[in-house]
Structure formats: C-alpha cells, structure tokens
Amino acid sequence: MAWLHATPKPDARSRRGREEPAQTRLSRIDDLKRKKILPSMPPNPAPHITDWLIEMGLTEAAGMGTAAISSRELAAWQDNTGIRLEPWVGRLIRQLSKTYIAEGRLAESENCPAPWRAPVSQREVDIEDAQLRKLLG
C-alpha cells in the first residue's frame, strides 16, 4: 500500500527533477485512478489484520514526520473497539506499520518497482504506448 500511496519524484540531480514543479505530481494510486486502471495487489492471507491496521491509521504523526503505530495507540484502539489482540498480532501490526513507513520512503523514487510482481494489463500497455508515441512522435 505504501508504494501505491507514494508520490514518485524524479532524481533531484536530474534536469527534470530541478525543473518539474512538485505540485503537478500525483501519487501512484491517484495516477492509476486517473487512467482508470485497477491496481493489482498481492495475495493477503490475513485481511482482518491489515483492515485493523488501516482502521488504526497505518502510522502516527511524530515531530516532523511519521512514526509506527505505538503500543499506546494499539491499547487505545483495543479499548475503543472491544477487540482484544493476541500479543503476536500487536507486534505484527507494529511491524507492518514500520514497514509501511520504510517502503513509503523508498517508493518516492520514480524508479522504485512495486514490492510485488503483478501481471501488466493490456490497458497499461496501451497507455504507456500512447505516452511514448506522443513523446517520440
């Protein structure tokens, strides 16, 4: 999910990176929505756990950035929902939150591949082909 939520940026050392305004960039998920492409996702053997993480908020605000879900936030979420997590599930949720943050930072590079393999749809091929034809003439 972090890869999809990231807004890819060109290398700051490149001409495009210096000249292209940041406000014109879209996150990968917004770009896919604009192109009307449904993103393919890897299999999820425990959707209830990722649903809980999303409900908690994936990350917390911290200082000048984000931090992983804290034990305090996990406890508050359990108190509010009445759901009691097994200790291993709580540790897993915290690790997923940390991984989300790390992947989000890596995914800011426009050359960062998705952390999963997915087949390329014909629509994606057609859109890329049209963009190349427009660019190259």
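Residues numbered from 1 in each chain as written. Predicted model: local features only at pLDDT ≥ 70, side-chain atom pairs only at ≥ 80, totals over all residues. Heavy atoms only, no water.

**Things to note about the overall build of the protein**
In terms of regular secondary structure, the protein is built from seven helices and two strands. In the protein, the order of α-helices and β-strands from amino to carboxyl end is α-α-α-α-β-β-α-α-α. Radius of gyration (C-alpha) of the protein: 18 Å, far over the 14 Å computed for a compact globule of 137 residues. The buried share of the protein, taken over its 137 residues, is 27%. Taking the contacts inside the protein whose residues are at least 6 apart along the sequence as the reference set, 63% of them involve residues at least 24 apart. Between the mean site of the 21 positive side-chain charges and the mean site of the 18 negative ones, the protein shows a separation of 4 Å. (Helix = DSSP H or I, 4+ residues; strand = E, 2+ residues; numbered from the N terminus. Rg over C-alpha atoms; globule rule 2.2 N^0.38 Å. Buried < 20%, exposed > 50% of the residue type's maximum accessible area, 1.4 Å probe, protein only. Contact = heavy atoms within 4.5 Å. Lys, Arg positive; Asp, Glu negative; His and termini not counted. Charge placed at Lys NZ, Arg CZ, Asp CG, Glu CD.)

**Some remarks on the pairing of strand β2 (residues 65-68)**
As paired strands, strand β1 (residues 59-62) and β2 are joined by four bridges and run antiparallel to one another. Bridge assignment links E60 to a residue of β2, and that residue is A67. (Pairing = 2+ DSSP bridges.)

**Quick look at the packing of aromatic side chains**
Applying the stated rule across the entire model yields two aromatic pairs. Arranged with centres 5.8 Å apart and planes meeting at 80°, the rings of W3 and W116 form a pair that is edge-to-face. Of this pair, W3 sits in helix α1 (residues 2-5) while W116 sits in the loop between α6 (87-106) and α7 (122-136); the two residues are 113 residues apart in sequence, bridging distant segments of the chain. There is no split in this pair, since W3 and W116 are both buried. Judged by centre distance (5.9 Å) and plane angle (55°), the rings of W52 and W77 are tilted. (Phe/Tyr/Trp six-rings, centres within 6.5 Å; stacked < 30°, edge-to-face > 60°.)

**Let's talk about the environment of L58**
The residue L58 is located in the loop between α4 (47-56) and β1 in this model. A C-alpha to C-alpha distance of 17 Å links L58 and W88, two positions 30 residues apart in sequence. Once residues within four sequence positions are removed from consideration, L58 is found in contact with M1, H5, L53, I69, S97 and Y100.

**Structural notes on the side chain of R25**
Relative to the helices and strands, R25 resides in the loop between α2 (15-19) and α3 (28-34). Here R25 falls in the buried class, since its relative accessible area comes to 17%. Apart from the residues within four sequence positions on either side, R25 is in contact with T7, P8, K9, P10, G17 and E20.

**Looking at the layout of surface pockets**
Counted as a void, the largest pocket has a volume near 1100 Å³. What lines the largest pocket is a set of 35 residues, among which W3, R28, D31, K35 and E128 lie closest to the centre. Secondary structure elements with two or more residues in the lining of the largest pocket: α1, α3 and α7. Per-element tally for the lining of the largest pocket: the top contributor is α7, with five residues. Across the lining of the largest pocket, the residue classes break down as 18 nonpolar, five polar and 12 charged. Its boundaries defined by the atoms lining it, the second largest pocket holds a volume of some 570 Å³. Surrounding the second largest pocket, 22 residues form its lining, M1, M41, P42, T50 and L96 being those nearest its centre. Elements represented by at least two residues in the lining of the second largest pocket include exactly α1, α4 and α6. (1 Å grid on protein atoms, 1.4 Å probe; cavity = no way out; pocket = protein on both sides within 12 Å on 5 of 7 lines; lining within 4 Å. Points joined across faces, edges and corners; volume = space filled by probe spheres on them. Nonpolar A, V, L, I, M, F, W, Y, C, P; charged D, E, K, R; others polar.)

**Concerning the nonpolar core**
W52, M56, L74, L85, V89 and I93 are the most contacted members of the largest nonpolar core, which totals 13 residues. Elements with a contribution of two residues or more to this core: α4, α5 (71-81) and α6. With four residues, α4 is the single largest residue contributor to this core. With sequence-adjacent residues up to four places away left out, V89 is seen in contact with I49 and W52. Core analysis: the second largest hydrophobic core is formed by 10 residues, L4, L32, A107 and C112 among them. (Core = buried A, V, L, I, M, F, W, Y, C linked by side-chain atoms within 4.5 Å.)

Function cannot be inferred from these measures alone, as they are strictly geometric.
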